[in-house]
Amino acid sequence: MAPSADPVSRIVIENAAIATVDAHDTEYASGHLVVAGNTIESIGAGRAPEDLENVVRRIDGTGHLATPGLVNTHHHFYQWITRGLATDHNLFDWLVALYPTWARIDEPMVRAAARGSLAMMARGGVTTAMDHHYVYPRGSGDLSGAIIGAARDMGVRFTLARGSMDRGVKDGGLPPDFAVETLDGALAGTEAAIDAHHDASFDSMTQVAVAPCSPFSISTELLRQGAELARRRGVRMHTHGSETVEEEKFCHELFGMGPTDYFESTGWLGDDVWMAHCVHMNDSDIAAFARTGTGVAHCPSSNARLAAGIARVPDMLAAGVPVGLGVDGTASNESGELHTELRNALLINRLGAHREKALNVRQALRLGTYGGAQVLGRADQIGSLERGKLADLVLWKLDTLAHASIADPVTALVLGAAAPVTLSLVNGKPVVEDNHLITADEDAIARVTHDEARRLAQIAAGA
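Throughout what follows, the structure given in this document is the object of discussion. Worth saying up front: this structure is predicted, and the values here are computed from it rather than measured. (Residues numbered from 1 in each chain as written. Predicted model: local features only at pLDDT ≥ 70, side-chain atom pairs only at ≥ 80, totals over all residues. Heavy atoms only, no water.)

1. Side note on the pattern of salt bridges
This model, assessed by the stated rule, comprises 26 salt bridges. A salt bridge links Arg57 to Glu433; its shortest N-O distance comes to 2.7 Å. Pair noted here: Arg57 is in strand E4 (residues 55–60) and Glu433 is in strand E16 (residues 429–433), with a separation of 376 residues, a long-range link. Residue classification places Arg57 among the partly exposed positions, given a relative accessible area of 30%. Of the residues examined, Glu433 reaches a relative accessible area of 18% and is grouped as buried. Between Asp283 and Arg312 there is a salt bridge whose closest N-O contact spans 2.6 Å. Pair noted here: Asp283 is in helix H8 (residues 283–292) and Arg312 is in the loop between helix H9 (300–305) and helix H10 (313–319), with a separation of 29 residues, a long-range link. Connected through shared salt-bridge partners, Glu14, Arg47, Glu50 and Arg58 make up one network. (Salt bridge = Lys/Arg side-chain N within 4 Å of Asp/Glu carboxyl O. Helix = DSSP H or I, 4+ residues; strand = E, 2+ residues; numbered from the N terminus. Buried < 20%, exposed > 50% of the residue type's maximum accessible area, 1.4 Å probe, protein only.)

And the structure:
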């Protein structure tokens, strides 16, 4: 007789308010969640069944709100060690100011910066992170491996958008020539990352996307061949698009068309594509994204920091465009955590044409959870609390002074101060307990990132 399988361990949360963010926005004023292994076994009103077996932990969620884990859809981890610089620049001037420093990063710097970025997000409720890393200086080491290793050690679900640049200053681009790759080198490095790290399974902890940087730092051929590579290998595609008026002018001058038409001409619209920012989109652009299922990573704090403008998120959502939230790099969003984006997505969009009807708190929460899962291509696995989905969830503490007197827990979470995280589970495993990371030493990370930031500044100053 074959030996019986080990029994599945269960974690039970009960007496918590629950916002499932499912298709019907189902909520429970006081409900329960049962996690079995790495999936959600049951969810509903009232207390959990009393006869459950192998319950290793039973949590009283009184005074808490349970939500899906936050999903970050756009970031540049390496920028953690260049925070607080060029604080009064627009995008192009900011890039010109910082590229000479970024071009001197190496593997220890990138590893430290990735750990800092991941720690800040994870302790604030992010369970799925992504990094768009596109700076690969020659001789800098295994940067993709360093980033993926940091995410694995932190215990978060992760997508590496393996970026690239092949248009330096001599070819009319913005980055220094020594900071870019050749076309063949960029494609080979991207496919090597897919070979080494991409996992397409249901409960995958690591996936890889093809991600040339932006129209002003890449060649048309890199876009075209990058799209061919991604579709041949069955992975997703990511880039920056329509971020500033300067980018639109650049595209018209260089390619004779706007960014969206340019991307479509190179194979870069589709339901396997998501783009960061998309601030300057006209009605035709939004219709093209909706028609093709192209997703958007909305980064409200970074857009404001770089004076890029207000993205038309309400119009995108009304048209059916998938939209998630992004922190963006911490050189243009120094806080480096996603809760800020829930709040700022709502507030900044209410400054636009739709005013108070732009977004509500539940739409903001959906952007940061299910919307993010959509644009990463994982909406059948994460992004909502439903039976059979992966157990990526957060238990937010809302019974302290910071949220006292706000009766609606979703309003408290989105519009109130950053809520402490009592528990964050990723794949059914705790990553945060009582508002502290349990997978990493926050103080040690702070010391190392400080040292690496100082080392980078010294190298850049002596160059």
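Now, onward.
2. Notes on the pairing of strand E8 (residues 157–164)
For E8, the tally of buried residues reaches eight of eight residues, placing the bulk of the element in the interior. Side chains Arg157, Thr159, Ala161 and Gly163 project from E8 onto one buried face, and the interleaved Phe158, Leu160, Arg162 and Ser164 project onto a second face that is buried too. Two strands pair when backbone bridges link them, and strand E7 (residues 126–133) and E8 are joined in this way by six bridges, in the parallel orientation. Paired with Asp131 across the bridge in E8 is Leu160. (Pairing = 2+ DSSP bridges.)

3. Section: the side chain of Thr82
Positionally, Thr82 belongs in the loop between strand E6 (70–71) and helix H1 (91–102). Those residues within four positions of Thr82 in sequence are excluded, and the remaining contacts are Thr101, Trp102, Ala331 and Leu456. (Contact = heavy atoms within 4.5 Å.)

4. With respect to helix H6 (residues 245–255)
Turning to H6, its buried residues are Glu247, Phe250, Cys251 and Phe255. End-on view of H6: buried residues confined to an arc of 95°, all on one side of the axis. What points out from H6, more than 90 degrees from its buried face, is the exposed set Lys249 and Glu253. In this fold, the buried residues of H6 make contact with H1, helix H5 (220–233), strand E10 (237–241) and helix H7 (259–265). Where H6 terminates, the next one or two residues include Gly256, which has phi positive at roughly 75°. (Arc of directions from axis to C-beta.)

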